[in-house]
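# Chain and residue survey
Here is how the chains run, residue by residue.
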Amino acid sequence: MTFLKVTGLFIVVLTAQLTVFTRIQVVGVAPELMALIAAMAGLIAGSQKGSLIAFFVGLLWDVYLTTPLGLSAISFAISAYAVGSIEEGLFPSTRVQTVVLVMAATAISLIQYVIWGGLIGHNHLLSSELPKIIVVASAINAILAVPVTPLMQWILKQSESN
C-alpha cells in the first residue's frame, strides 16, 4: 500500500511540476516541487529511508532534465540525509522547524546540483541568476511545506508500521 502511495505522489508531483508549476513563477523562478518532496522525505521518513526516497525523486526528475542522469538524485539524497539527521537529533517537530529545514534543504540541493554539474563539465549551471533562484525557490518550498506536511506524513508514516 505504501509503495503505491509513494508512486502516486511521485507521479502527481512530477505532473504538477511539468505542467502547472512551470507557468507559475515568482520573479521568474518556478517552484522546485521535486526538491520539496525530497526534503520532506528526509524530515518525515528519517535520514536513511528519506534519502532513498529522495534519490528516486531526483532520478525521476533527472529523466526530464537536460543534465546528466543522477545529478538531481545525488543532490536530493544528500540533502534529505542531512535534514533527516538534523531532525532525528531535535525535539518533536514544530511547524517553524519544518519550514526552516525545508528551506535549507532546498537551498543545499540547488547549490549541490550546480557544484556537481560543474565538476562534470556543466559549467552553464552557474549563472548570475543562481542566488535569486536559490532564495526564491527555497522560500516557495518553505511556504509549501506547511500544507504538504500532513500529506507526506500520511504517505510516509504508514510505511513505518508496514
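Everything below is about the structure shown above.
Residues numbered from 1 in each chain as written. Predicted model: local features only at pLDDT ≥ 70, side-chain atom pairs only at ≥ 80, totals over all residues. Heavy atoms only, no water.

This part takes up the overall build of the chain. Helix and strand counts for the chain stand at 6 helices and 0 strands. Each helix and strand of the chain, placed in order from N terminus to C terminus, yields the pattern α-α-α-α-α-α. In summary, the chain has a C-alpha radius of gyration of 15 Å against a globular reference of 15 Å for 162 residues, a match within 12%. Within the span of the chain, comprising 162 residues, buried residues form 48% of the whole. Considering only contacts within the chain whose residues lie at least 6 apart along the sequence, 70% involve residues at least 24 apart. Summed over its atoms, the accessible surface of the chain is roughly 8,400 Å², and 72% of this surface lies on carbon and sulfur atoms. If you average the places of the 6 positive and of the 6 negative side-chain charges in the chain, the two averages end up 9 Å apart. (Helix = DSSP H or I, 4+ residues; strand = E, 2+ residues; numbered from the N terminus. Rg over C-alpha atoms; globule rule 2.2 N^0.38 Å. Buried < 20%, exposed > 50% of the residue type's maximum accessible area, 1.4 Å probe, protein only. Contact = heavy atoms within 4.5 Å. Areas by Shrake-Rupley, 256 points an atom, 1.4 Å probe, with all protein chains shown as cover. Lys, Arg positive; Asp, Glu negative; His and termini not counted. Charge placed at Lys NZ, Arg CZ, Asp CG, Glu CD.)

Okay, the packing of helix α2 (residues 33–45) against helix α4 (residues 71–88) next. Packed helices, taken two at a time, are described by the angle their axes make and the gap between the axes. Closest axis-to-axis distance for the α2/α4 pair is 7 Å, and the angle between their directions is 35°. Once α2 is placed against α4, the crossing between them reads as right-handed. Contact residues: α2 offers M34, A35, A38, A39, G42 and L43, while α4 offers F76, A80, V83, G84 and E87. When the residues that make up the contact of α2 with α4 are grouped by side-chain class, the tally is 8 nonpolar, 2 polar and 1 charged. (Axes fitted to C-alpha atoms, helices over the stretch in contact; angles between N-to-C directions. Left-handed = near helix turned anticlockwise from the far one by under 90°. Nonpolar A, V, L, I, M, F, W, Y, C, P; charged D, E, K, R; others polar.)

Further remarks concern the environment of A35. Assignment of secondary structure puts A35 in helix α2. Judged by relative accessible area, A35 falls into the buried class, the value being 1%.

Of the pockets and cavities examined, the largest pocket occupies roughly 590 Å³. Around the largest pocket, the lining comprises 24 residues; the ones closest to its centre are E32, L65, L110, Y113 and I133. Counting residues per element, the ones that place at least two in the lining of the largest pocket are α4, α5 (95–119) and α6 (130–161). In the lining of the largest pocket, the residues fall into 12 nonpolar, 11 polar and 1 charged. (1 Å grid on protein atoms, 1.4 Å probe; cavity = no way out; pocket = protein on both sides within 12 Å on 5 of 7 lines; lining within 4 Å. Points joined across faces, edges and corners; volume = space filled by probe spheres on them.)

Side chains of I74, I78, I111, I115, W116, L119 and I120 sit close together on the surface and give an oily, nonpolar patch of about 630 Å² of accessible area. If one sorts the elements of the nonpolar patch by residue count, α5 sits on top with 4 residues. Using a relative accessible area of 64% as the deciding quantity, one classes L119 as exposed. (Patch = residues over 30% accessible without salt bridge, like charges linked within 9 Å, V, L, I, M, F, W, Y side chains within 5 Å. Salt bridge = Lys/Arg side-chain N within 4 Å of Asp/Glu carboxyl O.)

Between α2 and α5, the least distance of the axes is 9 Å, while the angle of their chain directions is 125°. The pairing of α2 with α5 is recorded here as oblique in orientation. As α2 runs across α5, the sense of the crossing is right-handed. Contacts between α2 and α5 pair A35, L36, A39, M40 and L43 from the former with T98, L101, V102, A105 and T106 from the latter. Looking at side-chain class alone, the contact of α2 with α5 contains 8 nonpolar, 2 polar and no charged residues. (Parallel < 35°, antiparallel > 145°, perpendicular 65-115°, else oblique.)

All right, on to the packing of aromatic side chains then. Under the definition given, this model contains 1 aromatic pair. A centroid spacing of 5.7 Å and a plane angle of 85° characterise the contact between F55 and F56, whose relative ring orientation is edge-to-face. What makes F55 partly exposed here is its relative accessible area of 30%. A cation over an aromatic ring shows up here: K5 above the ring of W154, its NZ or CZ 4.1 Å from the ring centre. (Phe/Tyr/Trp six-rings, centres within 6.5 Å; stacked < 30°, edge-to-face > 60°. Lys NZ or Arg CZ within 6 Å of the ring centre and 35° of its normal.)

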